[in-house]
Amino acid sequence: MALLVVDVQRDFCSGGALAVPDANRVVQPLNALMARLEQSDVLIYASRDWHPSQSIHFQPYGGPWPVHCVADTPGAEFHPDLELPDRTVIVSKGQAPGADGYSAFEGQTAHGVPFERELREQEIERLLVGGLATDYCIAQSVFDARRLGLDVTVVTDAIAGVDRKEGDAERALEQMREAGANLRTSAELEEEGWA
Ligand code: VGL
Ligand code: ZN
């Protein structure tokens, strides 16, 4: 099993360039989950949006979003309160100037290993997912994981959505459920003995 922490970066949090409403709510449950997983062999991955300064993803170049998470800038750093263990494997995505790179499966590790290959090599069959944002990078990562046949559980108290249109995050959750993802709160995971 592995935990995928999606895009908990400064620019998506309060005061950031693309602040997701209530983004900071994900930090505490993710920290608690990672602390509980510390004594386990569950692998921890953290994806990050890692864009070039010029990207079709950004409004000045015809895209939908304000400039955010430009590689190697402070806005692209992980949230300062996010307690990623040292063993966390970082997956960077969105580096191509011509792509949005929403899904973690478009990303690679520091060694250039695509996320799908990394999970296959580690024999990961089950993925816990939390982070930002429900209606974009979480949803696209979950859809890709389901297409690959992974057993996916979305940690519902550890996500937050952009909601450009009201209800987007709720609809995205429903689509994830329809795609076969399990939805659980961290408390339910703990009760069920998963994490
Ligand atoms: C994301 C919008 C633009 C996300 C990334 O992480 O969900 N959303 N870039
Ligand atoms: Zn982005």
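What you see is a predicted model; the values in this text were computed from it and never measured.

Here is what the cut-offs are and how they apply
Residues numbered from 1 in each chain as written. Chains lettered and ligands numbered in written order. Predicted model: local features only at pLDDT ≥ 70, side-chain atom pairs only at ≥ 80, totals over all residues. Heavy atoms only, no water. Helix = DSSP H or I, 4+ residues; strand = E, 2+ residues; numbered from the N terminus. Buried < 20%, exposed > 50% of the residue type's maximum accessible area, 1.4 Å probe, protein only. Lys, Arg positive; Asp, Glu negative; His and termini not counted. Salt bridge = Lys/Arg side-chain N within 4 Å of Asp/Glu carboxyl O. Polar contact = N/O pair within 3.5 Å; in protein donor to acceptor, adjacent residues only side chain to side chain. Contact = heavy atoms within 4.5 Å. Donors = N, O, S within 2.8 Å, 3.2 Å for Na, K, Ca; no water. 1 Å grid on protein atoms, 1.4 Å probe; cavity = no way out; pocket = protein on both sides within 12 Å on 5 of 7 lines; lining within 4 Å. Points joined across faces, edges and corners; volume = space filled by probe spheres on them. Nonpolar A, V, L, I, M, F, W, Y, C, P; charged D, E, K, R; others polar. Near = heavy atom within 4 Å. Areas by Shrake-Rupley, 256 points an atom, 1.4 Å probe, with all protein chains shown as cover. Sits in = over half its atoms within 2 Å of the grid points.

A.B. asks: I'm lost on the side chain of Arg 48 in this one. Help?
C.D. replies: Positionally, Arg 48 belongs in strand β2 (residues 43-49). The side chain of Arg 48 sits in the buried core without any salt bridge; Asp 72 is the nearest counter-charge, 6.2 Å away. Of note is the side chain of Arg 48, whose polar atom sits 2.9 Å from the side chain of Ser 92. The residues contacting Arg 48, other than those within four sequence positions of it, are Asp 7, Gln 9, Phe 78, Ile 90, Val 91, Ser 92 and Lys 93.

A.B. asks: Would you mind going over the coordination of the zinc ion (ligand 2) with me for this structure?
C.D. replies: Geometry reference: four tetrahedral donors at a metal, ideal angle 109.5 degrees. Six octahedral donors, ideal angles 90 or 180 degrees. Protein-derived coordination of the zinc ion (ligand 2) comes from Asp 49 (OD), His 51 (NE2), His 57 (NE2) and His 68 (NE2), at a distance range of 2.0 to 2.2 Å. Mapped onto the sequence, the donors of the zinc ion (ligand 2) take the spacing D-x1-H-x5-H-x10-H. As far as burial versus exposure is concerned, Asp 49 and His 57 are alike and both buried.

A.B. asks: Explain empty space enclosed by the protein to me, please; I cannot follow it from the model alone.
C.D. replies: Rolled over the atoms, a probe as big as a water molecule pinpoints where empty space is left. Scanning all chains against the criterion turns up 1 cavity of 30 Å³ or more. When its volume is computed, the largest cavity comes out at roughly 100 Å³. Along the lines of polarity and charge, the residues of the lining of the largest cavity split into 10 nonpolar, 2 polar and 1 charged.

A.B. asks: Where do I start with the site of ligand 1 in this structure?
C.D. replies: Neighbouring residues of ligand 1: Asp 7, Phe 12, Leu 18, Asp 49, His 57, Trp 65, His 68, Tyr 102, Leu 132, Ala 133, Tyr 136 and Cys 137. Within the backbone of Ala 133, an N or O atom sits 3.0 Å from an oxygen atom of ligand 1. Protein contacts shield 100% of the accessible area of ligand 1, which totals 260 Å² for the unbound molecule. Here ligand 1 is seated within the largest cavity. Considering only residue class, the shell around ligand 1 consists of 8 nonpolar, 2 polar and 2 charged.

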